[in-house]
Amino acid sequence: MKILRIKKKKEFSKILRAGKRAHAESLTIVFLPSDRLKFAVCVGKKYGKSVVRNRIKRLLREAFRAHARELKAPCLVLLIPRAGREYSYHAFARDIAKVFKKEKLA
RNA sequence: CGAGCGGACUGCGCGGCCGCGGCGUACCCCGAGUACGACGAGGAAAGUCCGGGCAUCGCAGGGCAGGACGCCUGAUAACGUCAGGUGAAGGCGACUUCAAGGAAAGUGCAACAGAAAUAGACCGCCGCUUUUGCGGUAAGGAUGGAAAGGCGAGGUAAGAGCUCACCGACGGGACGGUAACGCCCCGUGCCAUGUAAACCCCGUCCGAUGCAAGGUUGGGCUGUAUUCACACGGGUUGCCCGCCCGAAUACAGCCGUGAACACCGCUGGAGCGCACCGGCGACGGUGCGUGUAGAUAAAUGACCGCGCUCGACAGAACCCGGCUUACAGGUCCGUCUCGAAGU
RNA sequence: GCAGAGAUGGCGGAGCGGUCGAACGCGCACGAUUCGAAAUCGUGUGAUGCAGGAAUGUAUCCAAGGGUUCAAAUCCCUUUCUCUGCG
């Protein structure tokens, strides 16, 4: 399954309006069933300087990529990290897997 | 050996594996396809504080207003930058720091204190007069950031550049230097505080807007209304003059419609490296070599192994030249400086 | 990315070279009024260090650091943070 990016503003507002939210310790996941597998990460200015924001985005993208193959059905996914002091790949990966299992997507 | 000063450089490395970005090549089921290949953030990419390129509006013509800079000479595309000097301040020294023009063009301001603040007599001192006042005086006291150069001697009723020496200031001249300025000589008893990062004066410079600039495609027709060639409307920098345009704007109807989109701008440029030549230097010239990010919800990460000093500040967004600020450490250079010891 | 504005007591917000620790309003504390409360009226009210039994006195502080000036919340420079506009 090809992994695509969500880019248009219309798609973002559609997910935020109709999607389902799932909360974990390190992040919040918003998802909506669709015909294609697409995702995006949401990292605004409140998370820190550009270096910090880029770091968070990379970790989230990598964590999602690692677990995306486990998904049964294609859907639109939005990853929103919880603002804090420490951000780690392992925490993100663990929580993504946990949410997929809990919501019976995987 | 210890403590410094100045300058230059560097900014974890190597291997494996799964991914990311545009580019090139190949293949196919031609599509936001697949495979392979080389390449892929910084010294500050930052702050946006200056200067340019570039682009559009315009025509850039003038005046006023406004802004920036400010010792001298040079470098440069340009600068508020850089280099070499001058002066002042600091350091034993190597060296470092400085918005460093003009206060006899004018205006303003200088609270409180103090007798008095750009002008003067409170105490004191001296003379006259006799209960007190009048005059002289800027040595001393007291206030203040500042009280009409400082200090010593002469002089005097007491004093005072009143006179003289030295220092300072101002004016003139000679010499050296492109110049800032330095140095020497002569003269003037010395017309007079500070502030120009207060207004200002003098000199030099500045059109406006910033890639969300801007360009390509983004349709055509009809009707109505308003304003208008005897100076009205619109545009032009804040204002005035002047100049430019001849049409502009709004609404309605019909067909057309991806449009907060796509492509261009978008990286070959005052480019980088080396050598030689000119120059104290900034820098310039010549020759040879080199091809080195270009995203747009926005590319560098995860895991494993090894090494060590255990990895700081930090992420390109049109491009350059500077400035400023942040930064774990490490390396190199100097007929550099001071101190100690030895010879 | 580009352009611009601001930061003053617990909060809002004047002051823009001297008498300014700083107007005014809100809040807070105490008092009056009331059986009690609200409303109203009056008085007071910044923080920290040092001295003092206390009253009080004194030094520093207007985002932070430096500069100009006799004197800076105010003028100049640098930094930090906050806010606004721009197809």
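### What about the pairing of strand β4 (residues 38-41)?
Burial along β4 is two-sided: K38 and A40 facing one way and F39 and V41 facing the other are all buried. Summarising the sheet, β4 and strand β5 (residues 75-81) pair through 4 bridges and their orientation is parallel. Paired with A40 across the strands is L78, a residue of β5. In this region the chain leaves β4, passes through helix α2 (residues 50-68) and returns to the parallel neighbour β5; the handedness of that crossover is left-handed.

### What to know about the protein's contact with RNA strand B
Neighbouring RNA strand B are 17 residues; R5, K49, V51, N54 and R58 lie closest to it. At the level of elements, α1 (9-18), α2 and α3 (89-102) are the ones that each hand at least two residues to the surface near RNA strand B. Across the surface near RNA strand B, the residue classes break down as 6 nonpolar, 3 polar and 8 charged.

### Quick notes on the pairing of strand β2 (residues 20-23)
Two elements, β2 and strand β3 (residues 27-33), share 4 bridges in a ladder whose sense is antiparallel. What sits directly across from A22, in β3, is I29. In sequence, β2 turns back onto β3 through a hairpin of 3 residues.

### Looking at the sheet that holds strand β1 (residues 4-5)
Strand order in the open sheet formed by 5 strands is β1-β4-β5-β3-β2, and the pairing between neighbours is mixed. Since the sheet does not close on itself, it has two edges, and those belong to β1 and β2, each with one partner. Across the sheet, α1 lies against β3 and β5, angled at about 100° from β3, the strand it touches most.

### Comments concerning the packing of α2 against α3
The interhelical angle for the contact between α2 and α3, taken along N-to-C directions, is 40°, at an axis separation of 9 Å. Considered as vectors, α2 and α3 are oriented oblique to each other. α3 is crossed by α2, and the crossing has right-handed handedness. Here L59, L60, E62, A63, F64, A66 and H67 of α2 come into contact with α3, specifically with Y89, F92, A93, I96, A97 and F100.

### A few points about the nonpolar core
One finds I29, L60, V77, L78, L79, F92 and I96 to be the most contacted residues of the largest nonpolar core, which totals 19 residues. Put simply, the parts of the chain that give this core at least two residues each are β3, β4, α2, β5 and α3. In this structure, V77 is in contact with I29, F31 and F39, ignoring residues within four places of it in sequence.

### Things to note about the environment of L32
Tracing the backbone through its elements, the reader meets L32 in strand β3. Residues in contact with L32, not counting those within four places in the same chain, are I15, A18, G19, C75 and L76.

Parameters at a glance
Residues numbered from 1 in each chain as written. Chains lettered and ligands numbered in written order. Predicted model: local features only at pLDDT ≥ 70, side-chain atom pairs only at ≥ 80, totals over all residues. Buried ≥ 20, exposed ≤ 12 C-beta atoms within 10 Å, placed from the backbone. Helix = DSSP H or I, 4+ residues; strand = E, 2+ residues; numbered from the N terminus. Pairing = 2+ DSSP bridges. Right-handed = clockwise from strand over helix to strand, strands pointing away. Near = placed C-beta within 6 Å. Nonpolar A, V, L, I, M, F, W, Y, C, P; charged D, E, K, R; others polar. Contact = placed C-beta atoms within 7 Å. Axes fitted to C-alpha atoms, helices over the stretch in contact; angles between N-to-C directions. Parallel < 35°, antiparallel > 145°, perpendicular 65-115°, else oblique. Left-handed = near helix turned anticlockwise from the far one by under 90°. Core = buried A, V, L, I, M, F, W, Y, C linked by C-beta atoms within 7 Å.

Without other data, these values stay purely geometric and don't point to any function.
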